[in-house]
Amino acid sequence: IIQDHEMSPAPGTCMLLSAILHVASTVWWVSAQYTGFLSATCMSRAATTGATTIIGRPLVDGGPQKYAMNYAEDRLDRRARYFQQAENSGKHNDDIDTSRRSQQSPSPIALDLRRAHSILRKAGKSLSNVCIDDELDLQSDVAAKETLVELRTGHELAGRALRDCGKCRHATYHYALAWMCDPTNYECAGDYAQMTDLAGCSEVGVLSLLYYRNGGRLDPRMPLRIAQESSTTTDDAYGVVIDDDDDDNNERSISGDGANLTYANGSPLHSCGSRQLECDASLCMVAIPTDSLLLRQILKDLDNVDLDDASSDESSINAASILEGLSKASQEEKRRRKVAENAPSNNPSTVAHPFMPPQDGISNNLQFWKDCDSSSDGRSFPPLLQVLLLKLLYASPVGGPLLKLACVAVPHLSLKMPLSSALGRQMARDYKSHWAYYILIRAVVLGERVKKHRRGTAVPYHVPVWDIVHGLDQRQLHSFELNGDCRGDDESPFSIRMRQLLDECSSRIPKNDMTSEGSPLHLRPLCLPTSAPHSPLYILGDSHVLSIAWQTIEIPNGELRTLVPYPATGMKAWHMKEETRFFTHYNMHMCLQRLPTSCKAILLSAGEIDCREGIGGVKLQGYYASCDEAVRNTVQQYVKAVTKLASLYNLQILLLPVAPHAYRSQKNGKAAGRGLRRERMLLWNDMLREECTKSASSGVHLLDYERNLRSTDATSPVGFVLNKAYNADYTHMNSAFLPHLENSLARCVEGYSSGSGCNVNLI
């Protein structure tokens with residue numbers, strides 16, 4: 001709508017434009033509010049930078065105010081920025097008089113919260129004369145069933161709004177109650193599990209999905225009781241009295257944007273405003289009953305995952321053999337279908353399946369890739385939840401049984417969901433980001449088919465994580481004996497450590513410590529992975545951390561380190577800014593807080609999503625006069641934010657560059673876009689080198705190996721593409737580039753004596 005931001009509109013025009021923008025944004029979000037969380041996933045599904053941007057600069061006091069904005073935005077970025085601008089302009093501050101406050105429109109997030117609160121209040125009022133006890137029959141009570149539907153709608157809407165402004169603890173609470181309202185709905189289970197990951201507790205999501213898959217039960221009476229209790233006329237938890245007789249007044253009584261919610265009288269509101277006092281009362285609302293016999297059995301089964309099975313026949317099957325088996329299975333499946341098409345209907349094909357991936361002694365409760373037996377209480381576990389659970393298992397920094405289960409699941413899922421199958425194409429179309437994670441994890445776990453005489457000897461060579469976990473890594477430098485115990489600070493069984501985690505997540509946070517960032521409870525990795533017998537080196541950031549997760553590198557003093565992933569899903573470099581109110585920002589801080597106190601240095605990966613989505617025209621949606629200015633501003637903000645994090649958490653932070661994009665045929669429709677991304681990437685890395693040189697003394701350093709990743713290509717606008725030896729899935733790299741990372745780390749350490757390098761003693 002606003003194309004030329006150099007013009008200064010009159011105050012009246014600003015008010016008109018503000019009203020138009022408010023109405024447009026409200027209509028847009030109302031139309032999208034009932035979209036499922038998994039289908040509109042937190043992991044941005046597509047770049048939307050080609051669309052016209054509604055707001056380029058916030059309108060404050062009748063004129064435009066410069067607002068440096070990232071050139072790479074998706075719709076969730078814009079939604080979060082809307083309330084950020086409201087916050088920065090002082091819309092909800094106490095120093096604004098009532099007449100001025102009434103002229104300013106709230107942000108879409110605040111509107112969604114009000115709408116959600118209204119739904120929850122009305123549902124609670126409908127229960128005022130209902131006795132909610134164990135005798136209440138939810139199957140026959142139509143009114144109670146209808147109320148549960150309303151409560152689910154309200155909690156999901158509140159969860160989405162709070163997620164988008166970085167209130168992940170609040171959002172997890174509402175998604176938990178939404179699941180309790182409809183315990184058998186797989187979307188509700190998936191929404192909650194995804195949200196626990198964004199709240200920094202992916203292990204809770206793992207246990208919840210396994211609990212759901214095996215028929216675990218939740219009590220729908222709990223959200224009914226909570227709604228009934230919250231519909232009372234007073235909320236004295238924070239000394240605030242609310243008049244429940246006037247719904248319209250109540251909708252106006254709560255203002256703010258999700259980050260700084262207040263009542264109209266200026267009293268701070270520590271919860272989201274729903275008057276449900278458990279909201280934000282704990283780090284991560286645990287939806288499943290922790291005293292359940294089923295949960296106890298699941299934890300016992302995880303305890304029994306054999307982490308030292310080198311003597312078994314199945315453990316000798318390496319990743320290359322599995323890939324060979326999968327290839328033969330695919331060919332046989334094509335032949336079977338052809339035979340079935342030509343065979344009479346009364347003579348079906350009976351071709352036996354030629355390949356069965358190893359089970360590695362995994363119990364039936366944990367084999368989430370299989371359909372549950374009809375005789376069991378298990379539920380249907382659709383492909384979407386299977387892919388989500390695989391991601392949570394593999395990316396969890398706990399490792400141990402979770403990592404082993406993820407690796408065992410990969411070949412089974414590959415057999416069930418071939419990439420080129422109709423199901424694979426449907427998943428790629430409907431759940432792009434979830435499917436992208438699946439493709440990446442499959443690529444790094446199984447690697448690529450390599451001839452037997454070249455396995456472990458080819459340089460460069462990606463070592464499949466399957467081989468690492470099963471003790472089949474043939475490299476001399478990184479060979480080691482797997483430790484059969486799951487060791488951390490002590491030798492407690494895995495189940496005890498997970499129960500400790502559940503207790504920490506559920507523990508109430510003191511009211512005076514309910515801040516918008518972090519918490520007084522610091523989660524720790526409760527169990528270092530047995531596939532990491534060396535000291536861990538944690539790598540945080542976007543999905544690219546999984547490219548080298550669980551690999552082992554040599555640091556300059558000759559010691560070995562195992563790279564333990566701490567991904568923050570969807571993290572952009574722009575989200576690192578201190579003032580950001582977005583779920584990725586909260587997630588990153590939770591990852592940093594969970595680091596062991598002994599951790600003094602980390603690797604950090606960010607920027608690729610910015611480069612990938614930051615493609616625009618000359619004006620780049622009106623934010624900047626040139627793309628160079630946009631990239632420079634983003635890099636400067638990124639390095640500035642990371643420098644603050646290094647100081648806040650007392651860490652030495654080693655930044656990874658953005659890798660070039662892989663070669664694609666000119667016939668491929670993505671070739672032109674990838675060329676533009678390579679230009680953005682080149683500019684990004686040049687400016688990152690420049691900014692990191694300035695901040696070398698602040699504990700932030702660049703591991704500058706990007707030039708070693710290039711392969712000459714005349715068709716590329718920058719003259720090169722990613723060396724195909726380092727390509728995993730045409731977006732991410734594999735671990736074959738790690739020797740370059742090791743060399744760049746050595747160069748960085750060499751500069752320490754002159755004050756421009758990193759300290760190896762902190763790594």
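Every residue gets a number counted from 1 within its own chain, in the order that chain's sequence is written. This being a predicted model, a pLDDT of at least 70 is required before a residue's local features are given, and a value of 80 or more before pairs of side-chain atoms are given or counted; all residues contribute to the totals for chains, interfaces and linings. Side-chain measures here rest on the full set of heavy atoms in the structure, leaving out hydrogens and waters.

Trainee: Lay out the overall build of the protein chain with the relevant residues and their values.
Mentor: Within the protein chain, the secondary structure is distributed over 23 helices and 14 strands. Should any heavy atoms of two residues lie within 4.5 Å, those residues are counted as being in contact. In the protein chain, the share of contacts with a sequence separation of at least 24, taken over all contacts with a separation of at least 6, comes to 76%. Method for areas: the Shrake-Rupley scheme with a 1.4 Å probe, in which residue coverage is limited to the protein chains shown. Carbon and sulfur atoms form 49% of the exposed surface of the protein chain, whose accessible area is close to 30900 Å². Under the DSSP-based scheme used, a helix requires at least four consecutive residues in state H or I and a strand at least two consecutive residues in state E, with every element numbered from the N terminus.

Trainee: Give a description of the pattern of salt bridges that names residues and reports values.
Mentor: Should a side-chain nitrogen of Lys or Arg be within 4 Å of a carboxyl oxygen of Asp or Glu, the pair is scored as a salt bridge. Evaluated as defined, the whole model comprises 24 salt bridges. A salt bridge links Arg152 to Glu156, with the nearest nitrogen and oxygen atoms 2.9 Å apart. In this pair, Arg152 and Glu156 both sit in helix α5 (residues 142-164), four residues apart, roughly one turn of the helix. Taking the shortest distance from any N to any O, the salt bridge between Lys328 and Glu324 comes out at 3.7 Å. Here Lys328 and its partner Glu324 are both found in helix α12 (residues 319-342), four residues apart, which amounts to about one turn of the helix. Only protein chains enter the accessibility calculation, which uses a 1.4 Å probe. A residue is then buried if its area is under 20% of the maximum for its type, exposed if over 50%, and partly exposed in between. Overall, the relative accessible area of 28% leaves Glu324 in the partly exposed class. What emerges from the salt-bridge pattern is a single network uniting Asp686, Arg689, Asp704, Glu706, Arg707 and Arg710.

Trainee: Tell me about the packing of helix α13 (residues 383-395) against helix α14 (residues 401-416), residues and numbers included.
Mentor: To define axes, lines are fitted to C-alpha atoms, for helices over the stretch in contact only, and angles between the resulting N-to-C directions are given on a 0 to 180 degree scale. Put simply, α13 and α14 touch, their axes get as near as 8 Å, and they point 150° apart. Here α13 is positioned roughly antiparallel relative to α14, judged by the angle of their axes. As for how α13 packs across α14, the hand of that crossing is left-handed. In contact with Gln386, Leu390, Leu393 and Tyr394 of α13, α14 contributes Leu402, Leu403, Leu405, Ala406, Ala409, Val410, Leu413 and Lys416. All residues other than Ala, Val, Leu, Ile, Met, Phe, Trp, Tyr, Cys, Pro, Asp, Glu, Lys and Arg, Gly among them, are scored as polar; the first ten of these are nonpolar and the last four charged. Within the contact of α13 with α14, the residues separate by chemical class into ten nonpolar, one polar and one charged. By the definition adopted for this analysis, an angle is roughly parallel if under 35 degrees, roughly antiparallel if over 145, roughly perpendicular if from 65 to 115, and oblique otherwise. A clockwise turn of the near helix away from the far one marks a right-handed crossing, whereas an anticlockwise turn of less than a right angle marks a left-handed crossing.

Trainee: Could you give me a rundown of the environment of Ile226, with the residues and numbers involved?
Mentor: With respect to the helices, strands and loops of the structure, Ile226 is situated in helix α9 (residues 221-230). Sequence separation of Ile226 and Gly124 is 102 residues, and the distance between their C-alpha atoms is 8.1 Å. Excluding residues within four positions of it along the chain, Ile226 makes contact with Tyr173, Leu177 and Gln276.

Trainee: Would you mind going over the nonpolar core in detail, with residue names and values included?
Mentor: To qualify as a nonpolar core, a set must consist of buried Ala, Val, Leu, Ile, Met, Phe, Trp, Tyr and Cys residues joined through side-chain atoms within 4.5 Å. Core analysis: the largest hydrophobic core is formed by 169 residues, its most contacted members being Tyr394, Val445, Leu540, Tyr638 and Leu655. It is α13 that contributes the most residues to this core, ten residues altogether. Listed in part, the twelve residues of the second largest apolar core include Leu127, Ile132, Leu151 and Ala227.

Trainee: So what's going on with the packing of aromatic side chains? Which residues, and what values?
Mentor: Here the aromatic set is Phe, Tyr and Trp, taking the six-membered ring for Trp, and pairing holds for ring centres within 6.5 Å; pairs whose planes are under 30 degrees apart are stacked, those over 60 apart are edge-to-face, and all others are tilted. Under the defined criterion, the tally for this structure stands at seven aromatic pairs. Centre to centre, the rings of Tyr638 and Trp684 are 6.1 Å apart; their planes meet at 35°, and the pair counts as tilted. Linking Tyr638 in helix α21 (residues 627-648) with Trp684 in helix α22 (residues 671-694), this pair joins segments that are 46 residues apart in sequence. Classification of Trp684 as buried rests on a relative accessible area of 0%. Whether a charge sits over a ring depends on NZ of Lys or CZ of Arg being within 6 Å of the ring centre and within 35 degrees of the ring normal. In this arrangement the basic side chain of Arg710 is found over the ring face of Phe720, its NZ or CZ atom lying 4.2 Å from the centre.

Trainee: With reference to specific residues and values, describe the state of the cysteines.
Mentor: We call a pair of cysteine sulfur atoms a disulfide whenever their separation is within 2.5 Å. Enumeration over the complete set of coordinates arrives at zero disulfides. Distance from the sulfur of Cys181, which forms no disulfide, to the nearest cysteine sulfur (Cys188) is 8.0 Å. The class for Cys181 is buried, based on a relative accessible area of 8%. Sulfur of Cys284: no disulfide; nearest cysteine sulfur belongs to Cys201 and is 4.2 Å away.

Trainee: So what's going on with the sheet that holds strand β7 (residues 535-541)? Which residues, and what values?
Mentor: Reading across the sheet, the six strands line up as β8-β9-β7-β10-β11-β12 and stay open at both edges, with mixed pairing between neighbours. Looking at the sheet topology across the chains shown, the edges are occupied by β8 (552-554) and β12 (700-702). Sheet twist, expressed as the mean angle between neighbouring strand axes with direction ignored, is 35°. The sheet contact formed by strand β10 (residues 601-605) and strand β11 (residues 652-655) spans four bridges and is parallel. Residue pairing across strands places Ile602 opposite Ile653, the latter belonging to β11. Pairing between strands is defined by DSSP: at least two bridges between the two strands are required.

Trainee: I'd like a rundown of the side chain of Thr172, residues and numbers included.
Mentor: When you line up the elements, Thr172 lands in helix α6 (residues 168-181). When near neighbours in sequence (up to four residues on either side) are disregarded, Thr172 contacts Tyr192, Met195, Thr196, Ala199, Cys284 and Met285.

Trainee: Go over helix α23 (residues 738-750) with me, naming the residues and quoting the values.
Mentor: The length a helix should cover is 1.5 Å for every residue beyond the first. Between its first and last C-alpha atoms α23 spans 18 Å; for 13 residues at 1.5 Å apiece the expected length is 18 Å, and the two agree. Along α23, the residues that are buried comprise Leu738, His740, Leu741, Glu742, Ser744, Leu745, Cys748 and Val749. Against the buried residues of α23 lie β8, β9 (560-567), β11 and β12.

Trainee: Explain the packing of α14 against helix α16 (residues 432-446) to me, using residue names and the numbers behind them.
Mentor: For the pair α14 and α16, the least separation of the axes is 10 Å and the interaxial angle reads 115°. Classified by the interaxial angle, the pair formed by α14 and α16 is roughly perpendicular. Taken as a pair, α14 and α16 cross one another with a handedness that is left-handed. Judged by residue contacts, Cys407, Val410, Leu413 and Ser414 of α14 engage Tyr438, Ile441, Arg442, Val445 and Leu446 from α16. When its residues are assigned to classes, the contact of α14 with α16 shows seven nonpolar, one polar and one charged.

Trainee: I'd like a rundown of empty space enclosed by the protein, residues and numbers included.
Mentor: Cavities and pockets are defined on a 1 Å grid built over the protein atoms alone: a cavity is a set of grid points where a 1.4 Å probe fits but cannot escape, while a pocket is an open set with protein on both sides within 12 Å along at least five of seven lines, and lining residues are those with an atom within 4 Å of any such point. Grid points are joined across faces, edges and corners, and a volume is the space filled by probe spheres set on the points. Under the counting rule described, the total for this entry stands at twelve cavities of 30 Å³ or more. The volume enclosed by the largest cavity comes to roughly 160 Å³. His544, Ser605, Leu656, Pro657 and Met733 are the residues nearest the centre of the largest cavity, which is lined by 15 residues in total. For the lining of the largest cavity, the per-class residue count stands at nine nonpolar, four polar and two charged. Forming the boundary of the second largest cavity are 14 residues, of which Asp197, Ser202, Pro397, Pro567 and Cys591 lie nearest the centre. Taken together, the elements giving at least two residues each to the lining of the second largest cavity come down to α13, β9 and α19 (583-594).

Trainee: Please give an account of α5 that cites residues and values.
Mentor: The terminal C-alpha atoms of α5, which comprises 23 residues, lie 34 Å apart, in line with the 33 Å expected from a rise of 1.5 Å per residue. Gly166 occupies a position one or two residues after α5 and carries a positive phi of about 80°.

Trainee: Just give me the short version of the pairing of β10, but keep the residues and values in it.
Mentor: The element β10 is largely enclosed, with a buried count of five among its five residues. For β7 and β10, the ladder comprises three bridges, and the chain directions are parallel. Within the sheet, the bridge partner assigned to Ile539 lies in β10 and is Leu603.

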